[in-house]
Amino acid sequence: MTNNINKTSHVDIAQNPDVVDFLKSCTYMREPSEDEILQITRKFIKVSISDSEKLPDNIITIDSSSYESQVRDNIPFTNIGYVKLVNSLLKNNDLLSLKGSRFVNPFRVAEFTDEKEAITFVLPSSNIKFKDAETTKESFRLALDEYFENIREEKTDRNTSLKSTLFWLSSLRENGKPNKIMLHECPNGCGRKELDVYNIEEEQYCPECHKRIFATDTLRLYEEVDDCSPTNKGVLGRFEKAIRHIQLAHLLRILKLKNKDSYLKMFNGLAIVVNGPLAIAGTAAWLYGSLMKVIYEINVQLRKKNYSDLLIIGLLNGGLAINDYASLINQYLEPNSLLCVSDEFREKYIDYNRKASNTTFGNETYYGQDFIWKNKQGNIVIFDLPYIVGNKHPLEVFKKDKSDYSKYNNLQRALSLLQELKCDLDTSSIVPLVLSRQYTAISMEPGAKVLDMLSKNNLI
């Protein structure tokens, strides 16, 4: 009886004249007409990939995942958050040796994926207090800061910590200072503006309310932590995505720090693949500007040595408007077609006639340019390369240059690498990232079950 009532109510809604009139008044994205298809395909260029292109010897992948674990079955809003970050170092020759094999030896794969580093952040998520913190929000802040302090390449050297990398990134902001972070306001809610936090191990306090302040408060993730919410999955997801890019900066800084005389040669033989776009959204979005500067300065040094720009690729595997749009037009594109997506193209086609931006797409979030590529097998691959400049000024010049193919001197290397390491199991990705995901993803079964049991056994 209930099902019949539900079905009848749906029919009533569909036949309601007000609903019908409303739907008739709506416009929406549709398949392109023949004229539009012609205009769209003319925007793509044909590319040929040289077999002689020198590919990087080493590939680093950066990926992450998050999961919220329930501590008590009978209290559904008492949760612990887990964020897992994995870097994998893979040798290009090892990966290429798998090509042509009908079956892949899992022991062989395990051998050359053994050089990986996994970091798990365990964070209070909802209705959890950590140490002497008074609230979940304060607990989240305290735990996060401790991780940034304690994650170090060398345990006795604070300069190799993730926190020192955060201070370095902050120093690259406008008016930034070395080893000092200025918080825009007290995170404890007292209203005090512009507090300084220093890169020291000692506890630091707000001079107004005398409560603790942390360097990681500059990410402002705590603003999304709700003490009264039954879940804080949102902030875990935000942090999970932000930590990939912080880790990218950390790797670049540490490699340069430890190889002062040879880091340029090392960077020339290296590719870094990040799962997701080269962009940071939300309260930590300011990181994009610092990363633009970091990568640009490295590239300036590489160019002086006649090297190509540092090969960093962001792979967009789904969940974005650009992925859906590329799938829509895929049937009309020829293999080996490439589009460097301009703001004009995005506003007219991808974002469905969105009003032109006063700035540029991703003005406060992106540090990489979107490309849509249909490879020779007919599969769509969407990827980002870092912008070729260190900032977005002057804006009109930047908007023009960022979608100019000729500005990206490592575009051929990127295409060659993506082509060589294509994955038949996931046509939108490449083998290194697919291999990396097996270590990164916190799967619903059985991985998440283990985390649930761990949380319950240690907290109940």
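So, here is what we can say about the structure in this document. (Residues numbered from 1 in each chain as written. Predicted model: local features only at pLDDT ≥ 70, side-chain atom pairs only at ≥ 80, totals over all residues. Heavy atoms only, no water.)

Some points on the overall build of the protein chain
Here is step 1: In terms of regular secondary structure, the protein chain is built from 16 helices and 13 strands.
Here is step 2: Across the 460 residues of the protein chain, 47% fall into the buried class.
Here is step 3: At a minimum sequence separation of 6, the contacts of the protein chain that also span at least 24 residues come to 71%.
Here is step 4: Here the protein chain displays about 23400 Å² of accessible surface, and carbon together with sulfur accounts for 50% of that area. (Helix = DSSP H or I, 4+ residues; strand = E, 2+ residues; numbered from the N terminus. Buried < 20%, exposed > 50% of the residue type's maximum accessible area, 1.4 Å probe, protein only. Contact = heavy atoms within 4.5 Å. Areas by Shrake-Rupley, 256 points an atom, 1.4 Å probe, with all protein chains shown as cover.)

A short note on the environment of L310
Here is step 1: Tracing the backbone shows L310 in the loop between helix 10 (287-304) and strand 10 (311-315).
Here is step 2: Separated by 42 residues in sequence, L310 and N268 have C-alpha atoms that sit 6.4 Å apart.
Here is step 3: With residues up to four places along the chain from it excluded, the contact list for L310 reads L252, F267, L270, I298, N299, L302 and N410.

A short note on the packing of aromatic side chains
Here is step 1: Per the stated rule, a full pass over the model turns up 9 aromatic pairs.
Here is step 2: On the numbers, 5.4 Å between centres and 85° between planes, the contact of F371 with Y408 is edge-to-face. Of this pair, F371 sits in strand 12 (residues 368-374) while Y408 sits in the loop between helix 13 (395-402) and helix 14 (411-420), placing them 37 residues apart in sequence.
Here is step 3: Just above the ring of Y222 sits the side chain of R141; from NZ or CZ to the centre is 5.8 Å.
Here is step 4: Geometry around F361 places R346 over its ring, the cationic atom sitting 3.5 Å from the centre. (Phe/Tyr/Trp six-rings, centres within 6.5 Å; stacked < 30°, edge-to-face > 60°. Lys NZ or Arg CZ within 6 Å of the ring centre and 35° of its normal.)

Some thoughts on unusual backbone geometry
Here is step 1: At the junction of H393 and P394, the peptide bond is cis and its omega measures out at -10° in the coordinates.
Here is step 2: Relative to the assigned elements, P394 resides in the loop between strand 13 (380-386) and helix 13.
Here is step 3: With a phi close to 60°, N179 is a non-glycine residue in the positive phi region.
Here is step 4: Relative to the assigned elements, N179 resides in the loop between helix 7 (162-171) and strand 5 (180-185).
Here is step 5: Owing to a relative accessible area of 45%, N179 belongs among the partly exposed residues under this scheme.
Here is step 6: Positioned with a positive phi, N336 is a non-glycine residue whose angle comes to about 65°.
Here is step 7: Looking at the secondary structure, you find N336 in the loop between helix 11 (321-329) and strand 11 (337-340).

Thoughts on the environment of H245
Here is step 1: Turning to its location among the elements, H245 is positioned in helix 8 (residues 233-258).
Here is step 2: For H245, a relative accessible area of 4% gives the class buried.
Here is step 3: Between the C-alpha atoms of H245 and V274, which are 29 residues apart in sequence, the distance is 8.2 Å.
Here is step 4: Setting aside its immediate chain neighbours within four residues, H245 contacts V274, P277, L278, A279, I280, L291 and Y367.
Here is step 5: Of note is the side chain of H245, whose polar atom sits 2.7 Å from the side chain of Y367. (Polar contact = N/O pair within 3.5 Å; in protein donor to acceptor, adjacent residues only side chain to side chain.)

A closer look at the packing of helix 6 (residues 136-150) against helix 8
Here is step 1: The geometry of helix 6 relative to helix 8 is characterised by a closest axis approach of 14 Å and an angle of 20° between their N-to-C directions. On the basis of their axis angle, the class for helix 6 and helix 8 is roughly parallel. Crossing of helix 6 over helix 8 shows right-handed handedness. Packed against helix 6, whose contacting residues are F140, L144 and F148, the element helix 8 presents V235, F239, I243 and I246 at the interface. (Axes fitted to C-alpha atoms, helices over the stretch in contact; angles between N-to-C directions. Parallel < 35°, antiparallel > 145°, perpendicular 65-115°, else oblique. Left-handed = near helix turned anticlockwise from the far one by under 90°.)

Structural notes on the pairing of strand 9 (residues 270-275)
Here is step 1: Counting buried positions over the 6 residues of strand 9 gives 6, a clear majority of the element.
Here is step 2: Side chains L270, I272 and V274 of strand 9 all project onto a buried face; the interleaved residues A271, V273 and N275 project onto the opposite face, where all are buried too.
Here is step 3: Relative to strand 9, strand 2 (residues 58-72) runs parallel, the two being bridged by 5 bridges. Residue pairing for strand 9: I59 is matched across the bridge by A271.
Here is step 4: The pairing of strand 9 with strand 10 spans 5 bridges and is parallel. Counted as the bridge partner of V274 is G314 from strand 10.
Here is step 5: For the handedness criterion, the β-α-β arrangement of strand 9, helix 10 and strand 10 is classed as right-handed. (Pairing = 2+ DSSP bridges. Right-handed = clockwise from strand over helix to strand, strands pointing away.)

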